[in-house]
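# Topology and contacts: notes
The primary structure of each chain is shown beneath.
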Amino acid sequence: SQKIEQNSEALNIQEGKTATLTCNYTNYSPAYLQWYRQDPGRGPVFLLLIRENEKEKRKERLKVTFDTTLKQSLFHITASQPADSATYLCALAAGGGNKLTFGTGTQLKVEL
Amino acid sequence: DVKVTQSSRYLVKRTGEKVFLECVQDMDHENMFWYRQDPGLGLRLIYFSYDVKMKEKGDIPEGYSVSREKKERFSLILESASTNQTSMYLCASSSPPASTDTQYFGPGTRLTVL
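Residues numbered from 1 in each chain as written. Chains lettered and ligands numbered in written order. Predicted model: local features only at pLDDT ≥ 70, side-chain atom pairs only at ≥ 80, totals over all residues. Heavy atoms only, no water.

### Notes on the sheet that holds strand β7 (residues 62-67) of chain A
All names here are of chain A.
- Spatially, 5 strands are ordered β1-β3-β8-β7-β6 in an open sheet, and the strand pairing comes out antiparallel. With one partner strand each, in any of the chains shown, β1 (3-6) and β6 (56-59) form the two edges of the open sheet. Direction aside, neighbouring strands of the sheet carry axes that sit 15° apart on average.
- In this structure, β7 lies alongside strand β8 (residues 72-77), joined through 6 bridges in antiparallel fashion. (Pairing = 2+ DSSP bridges. Helix = DSSP H or I, 4+ residues; strand = E, 2+ residues; numbered from the N terminus. Axes fitted to C-alpha atoms, helices over the stretch in contact; angles between N-to-C directions.)

### Digging into the state of the cysteines
- Throughout the structure, instances matching the rule amount to 2 disulfides over all chains.
- Disulfide partner of Cys23 of chain A: Cys90 of chain A, at an S-S distance of 2.0 Å. The disulfide joining Cys23 of chain A to Cys90 of chain A has a torsion of about 65° about its S-S bond and is therefore right-handed. Separated by 67 residues along the polypeptide, Cys23 of chain A in strand β3 (residues 19-26) and Cys90 of chain A in strand β9 (residues 86-93) bring together distant segments of the chain. The pair formed by Cys23 of chain A and Cys90 of chain A is uniform in burial state, with each residue classed as buried.
- The disulfide bridge from Cys23 of chain B ends at Cys91 of chain B, spanning 1.8 Å between sulfur atoms. (Disulfide = S-S within 2.5 Å. Buried < 20%, exposed > 50% of the residue type's maximum accessible area, 1.4 Å probe, protein only.)

### Some details on the interface of chain A and chain B
- Taken together, the contacts link 20 residues of chain A with 25 residues of chain B.
- Carbon and sulfur atoms make up 53% of the surface buried where chain A meets chain B, a total of about 1700 Å² over both sides.
- Applying the counting criterion to the chain A and chain B interface returns 0 salt bridges.
- In this structure, the connection of chain A to chain B is made through 3 residue pairs in polar contact (both at pLDDT 80 or more).
- Those elements that place two or more of their residues in the side of chain A that touches chain B are β4 (32-38) and β5 (45-51) of chain A.
- In terms of residues, the side of chain A that touches chain B owes the most to one element, β4 of chain A, which gives 4 residues. (Contact = heavy atoms within 4.5 Å. Buried area = accessible area lost by both parts, 1.4 Å probe. Salt bridge = Lys/Arg side-chain N within 4 Å of Asp/Glu carboxyl O. Polar contact = N/O pair within 3.5 Å; in protein donor to acceptor, adjacent residues only side chain to side chain.)

Rendered as structure tokens:
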């Protein structure tokens, strides 16, 4: 069956370090993958989209990689700040469809 | 800025009541979605709609129905609320093409069924 896995354990890192979050999937052939941020009690907010033919995408301090052979995406936040503390969700979509399937998310805590 | 609003932030209902959750978006998006979010289970798709009066079942439609009479409004209906429907409900909208299918979410409605 199709499965999206994100680390359920919270990731604690020190301010200024690079945070790396993982999204693994099985039995999918996604056309693109998205990352969202969710703060407590609020809806997710879109961060980045990467297509299957792209290896890497950057936006300011954020970087996403997409390895369709490993069936994995990595999400990096460089020079992390306490304000980056949130839950980060990955979401996959097949080509031609408008439906996303979300992972369960990983909580990131950036400490001073 | 895209805005997706949901009728209530918090709602408390009794078992057996009919519950309406309303979602409105102001960006003329064709697609609208209802999810529920539970700890450890993540976001699960209940129903979605590609156009007015069109609806499709998501992954967990049992116990729910939807209505989309106008493009901007998508309603989720719990015909007879049960305690296992206590959850955070999130509405989202998006616009084709599929290559840029970013979903915009509302703030969520935390529903408690007693």
